[in-house]
Each structure stands twice: as C-alpha cells, then as structure tokens.
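Examining the three-dimensional arrangement
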Amino acid sequence: MSDHMNAAQAESEGRNGDRTLVVERVFRATPEKVFAAWTDPIQLAKWWGPEGMFAPDVEMDARTGGAWRTVMANDDGMRVTVSGRYREVSPPDRLVMTWGWQQEDGTRGHETEIVLTLEDVPEGTRLRLVQSVFETADDRNRHGMGWNSSFNDLERVFA
Amino acid sequence: MSQPDLPTVFAALADPTRLAIVERLLAEGERSAGEIAEPFSISKPAISKHLNVLEAAGLIERRIERQWRVCRVRPEAIRAVDAWMDRYRAFWSVSFDRLEKLLEQPDN
C-alpha cells in the first residue's frame, strides 16, 4: 500500500491500489471477435452473468457516450437490471463503460467503471478487465451518477 | 456498531481525502487525529469533519489516549468491501468461462 500524503495523488493511486479489481484471461479468438461479444447485444446475452442466467432484454448503443442496459434473469423468476454508459468505444482494443444496478423505480444504484483492454497475442486475445470499486464524488458529479443503494443485487444474482 | 452499511461506506470513501486517510491507516495502523491532519493542506476542523463521516460510516473508530485522539480502521468495514469485491471477481470469472465457450463455437 503506497504511503501517499497528497489528496489528489491519493485519488489516482487509490484507483490503482487494492480497491480495484483486475481480471485477465486469454481467449482463443481474435480481438475483433472478443470485442464484438461485449458490444453485440445478442452475444452478450449468451455469456453475461453466472450459469443459469439469461438476458431477456439487452439494449446497447455501443458508441462513445452511448447507453446500455440489460436485464438478467433466471428460471426462479429473479430479475435484475444493470446499465451504464460507454465512456470510450475503440474497437478492437479498448472499451470503457460504467456499470451499475438499476432499481425498479429507475434510480441508479452503486456504479463502477470497467476498463477493458484487448491485446492481440499468438494464442488469441488477452483480455484485461479493470473495475474500479467506486468512484470519487468528483467523478460522480461529472458523470451524473447516484449513490442509492442495492448492493444486494449482486448477491441475488448469485443466490 | 453493527454490520457496515455498504452504501454509506462507499459514500464515505468516495472523497479523495477520506480515501487517503483510510488507506494510510490501513498501511500504518493507528494514528492520532493530529498526525492524520498533518499532510493535508486543508484545515484541522475540515479534517475533523472527514473523520466524523468515516466514524459514522463505521470505517474508523476513535479513542482518547492521554492527550490524543487515536484513530484506527475498523476491520469489519474493510472486510465488507473486500467481500463485495470478491463477489465481483466471481461474477467475472464465471462470465468469462461462459464467454470462452461462446467464442469456441463455430460462427453463426
């Protein structure tokens, strides 16, 4: 853990510290194909979420500034909605999006930012996902996000 | 204080000064309020307000030791954040398994 003394520095280092999730995997497919799996609603519905989940409703405007929304459901009748905006769409190398739960009344819950980088490697594509755990108040104000709750949604998805 | 309320915890951590305070206490252990305030260019009363927010969110606890107010992070709050992160890690791990299978299928 870094020993930073300056608040502004802390803001950027906090994001790179252990409050950020990093998941990497090599997929046996071209970057174009992997990128498409993230931005084509029909494909996304086939893999997003745990086993047993399906996405009956996916909307995506996969362009910088565009919005996306998906309902995740399972056979037990559980439904959750996640949505966000694309901050950057640069196929096939980079995708930056916000990701947050949406309540039934339309209010947004906790939001995180996901940065995807796709690297062309001999085996296919190395996909690196970096998810910030939370954003600072400045980020929220800039991007118009809210703080209303529902962390329970992720648990329901795994129930 | 009982089970940390995650939305409140996250709102408390969303301020860069408060995040820096918590990160420092995690790295160094206990510190007095004066030591905490020292590196920041904002006023001591402003730091005090931040400490109040952190305490109300259950992230830190304070006690009086002689002439000092000593602050430390409450492990329960950090465990709650870590558990939340673990759930996201699991979410992506399982999703990526399904993505692998999808990508291995012949094209439509």
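Along every chain, residues carry numbers that run from 1 in the direction the sequence is written. Each chain takes a letter, starting from A, and each ligand takes a number, starting from 1, following the order in which they are written. Local features in this predicted model are restricted to residues whose pLDDT is 70 or higher, and side-chain atom pairs enter the listing and the counts only when it is 80 or higher, whereas totals over whole chains, interfaces and linings include all residues. Excluded from the side-chain calculation are hydrogens and water; included are all heavy atoms of the structure.

**Concerning the overall build of chain A**
For clarity, the cut-off: In this description a helix means any DSSP run of H or I spanning at least four residues, a strand means any run of E spanning at least two, and both kinds are numbered starting from the N terminus. Relative accessibility under 20% of the residue-type maximum defines a buried residue, over 50% an exposed one, and the middle range a partly exposed one, all with a 1.4 Å probe and only protein chains included. Note on contacts: a residue pair qualifies if any of its non-hydrogen atoms lie within 4.5 Å across the two residues.
Counting secondary structure elements, chain A contains five helices and seven strands. Relative to its full complement of 159 residues, chain A shows a buried share of 50%. Here the analysis covers contacts within chain A between residues at least 6 apart in sequence; of these, 42% occur between residues at least 24 apart.

**Here we look at the nonpolar core**
Worth spelling out the cut-off: Residues enter a nonpolar core if they are buried and are Ala, Val, Leu, Ile, Met, Phe, Trp, Tyr or Cys, with the set joined through side-chain atoms within 4.5 Å.
Counting residues in hydrophobic clusters, the biggest one holds 66 residues, and the most contacted among them are Trp38, Trp48 and Trp99 of chain A together with Leu59 and Trp92 of chain B. Ranked by residue count, the leading element in this core is helix H5 (residues 75-104) of chain B, at 13 residues. Once residues within four sequence positions are removed from consideration, Leu59 of chain B is found in contact with Val9, Ala12, Leu13, Leu54, Arg72, Val73, Arg74, Ala77 and Ile78 of chain B.

**Comments concerning the confidence of the model for chain B**
Residue and element names in this part refer to chain B. In plain terms, the rule: A score from 0 to 100, pLDDT tells how confident the predictor is in each residue.
The predicted model of chain B averages 87 in pLDDT, with 94% of residues at 70 or higher. Across chain B, the secondary-structure element scoring lowest on mean pLDDT is helix H1 (residues 6-13), at 77, and the one scoring highest is strand E1 (residues 31-32), at 95. Interface confidence in the predicted complex, given as ipTM, is 0.76; pTM for the same model is 0.71.

**Looking at the packing of aromatic side chains**
As a reminder, the rule being used: For Phe, Tyr and Trp, where Trp contributes only its six-membered ring, two rings pair if their centres lie within 6.5 Å, and the inter-plane angle classes them as stacked under 30 degrees, edge-to-face over 60, or tilted in between.
Applying the stated criterion across every chain, the model contains 14 aromatic pairs over all chains. Considering the side-chain rings of Trp99 of chain A and Tyr88 of chain B, the 5.1 Å spacing of their centres and the 70° angle between planes classify their relative orientation as edge-to-face. Taken together, the residues span two chains, with Trp99 of chain A in strand E5 (residues 94-102) and Tyr88 of chain B in helix H5. For the pair formed by Trp99 of chain A and Tyr88 of chain B, the shared burial category is buried. Ring geometry for Trp92 of chain B and Phe96 of chain B: centres 6.2 Å apart, planes at 50°, overall tilted. Within this pair, Trp92 of chain B and its partner Phe96 of chain B are both found in helix H5, separated by four residues, close to a single helical turn.

**Let's talk about the environment of Tyr86 of chain A**
All names here are of chain A. With respect to the secondary-structure elements, Tyr86 resides in strand E4 (residues 79-90). On the basis of relative accessible area, Tyr86 is assigned to the buried category, the value being 2%. Sequence-wise, Tyr86 and Asp57 are 29 residues apart; in three dimensions their C-alpha atoms are separated by 18 Å.

**What to know about the pattern of salt bridges**
Residue and element names in this part refer to chain A. Keep this limit in mind: Definition used for salt bridges: Asp or Glu carboxyl oxygen within 4 Å of a side-chain nitrogen of Lys or Arg.
Under the definition given, this model contains 20 salt bridges over all chains. Note that Glu59 is salt-bridged to Arg69, the shortest N-O span being 2.9 Å. Highlighted residues: Glu59 in strand E2 (residues 54-60) and Arg69 in strand E3 (residues 67-73), separated in sequence by ten residues. Take Glu59: its relative accessible area is 42%, and that puts it in the partly exposed class. The structure contains a network of salt bridges with shared partners spanning Glu24, Glu119, Arg126 and Arg128.

**Brief notes about unusual backbone geometry**
Following Pro91 of chain A, the chain continues into Pro92 of chain A via a peptide bond in cis, with omega recorded as -5°. Within the element layout of this structure, Pro92 of chain A appears in the loop between E4 and E5. One non-glycine residue, Arg66 of chain B, lies in positive phi territory at about 55°. Structurally, Arg66 of chain B is set in the loop between strand E2 (60-65) and strand E3 (68-73).

**Section: the packing of helix H2 (residues 16-28) of chain B against helix H4 (residues 44-56) of chain B**
Residues and elements named next belong to chain B. We apply this condition: For helices, the fitted line uses only the C-alpha atoms of the stretch in contact; every axis is such a line through C-alpha atoms, and the angle between N-to-C directions lies from 0 to 180 degrees. Angles below 35 degrees are treated as roughly parallel, those above 145 as roughly antiparallel, those between 65 and 115 as roughly perpendicular, and all remaining angles as oblique. Here the nonpolar group is Ala, Val, Leu, Ile, Met, Phe, Trp, Tyr, Cys and Pro; Asp, Glu, Lys and Arg are the charged ones; every other residue, Gly included, is treated as polar.
Remark: H2 packs on H4, axes separated minimally by 10 Å, with the N-to-C direction vectors making an angle of 70°. Taken together, the axis directions place H2 and H4 in an arrangement best described as roughly perpendicular. Side by side, H2 and H4 meet where Thr17, Arg18, Ile21 and Val22 of the first sit next to Ile47, His50, Leu51, Val53 and Leu54 of the second. Looking at side-chain class alone, the contact of H2 with H4 contains six nonpolar, two polar and one charged residues.

**Remarks on the pairing of E5 of chain A**
Every other side chain in a regular strand lies on the same face of the sheet, so the side chains alternate between the two faces. Residue and element names in this part refer to chain A. Applicable threshold: Paired strands are those between which DSSP finds at least two bridges.
Of all nine residues making up E5, seven are buried, and the element is well covered by its neighbours. Pairing geometry for E4 and E5, over seven bridges, is antiparallel. By the bridge assignment for E5, Ser90 is matched with Arg94. In textbook terms, the turn of a hairpin is the stretch between consecutive antiparallel strands, and for E4 and E5 this stretch comprises three residues.

**Some details on the environment of Leu51 of chain B**
Residues and elements named next belong to chain B. Looking at where Leu51 falls in the secondary structure, it is placed in helix H4. Classification of Leu51 by relative accessible area gives buried; the value is 2%. Not counting chain neighbours up to four residues away, the residues in contact with Leu51 comprise Ile21, Ala33, Ile36, Ile60, Arg62 and Cys71.

**Details of the packing of helix H2 (residues 31-39) of chain A against H5 of chain B**
Here is the rule: It is the rotation of the near helix from the far one that decides the hand of a crossing: anticlockwise by less than a right angle makes it left-handed, clockwise makes it right-handed.
Where H2 of chain A contacts H5 of chain B, the axes come no closer than 11 Å and their chain directions differ by 120°. Relative to H5 of chain B, the element H2 of chain A lies oblique. Our pair here, H2 of chain A against H5 of chain B, has a crossing hand that is right-handed. The segment H2 of chain A lies against H5 of chain B, with Lys33, Val34, Ala37 and Trp38 of chain A engaging Trp92, Phe96, Leu99 and Leu103 of chain B.

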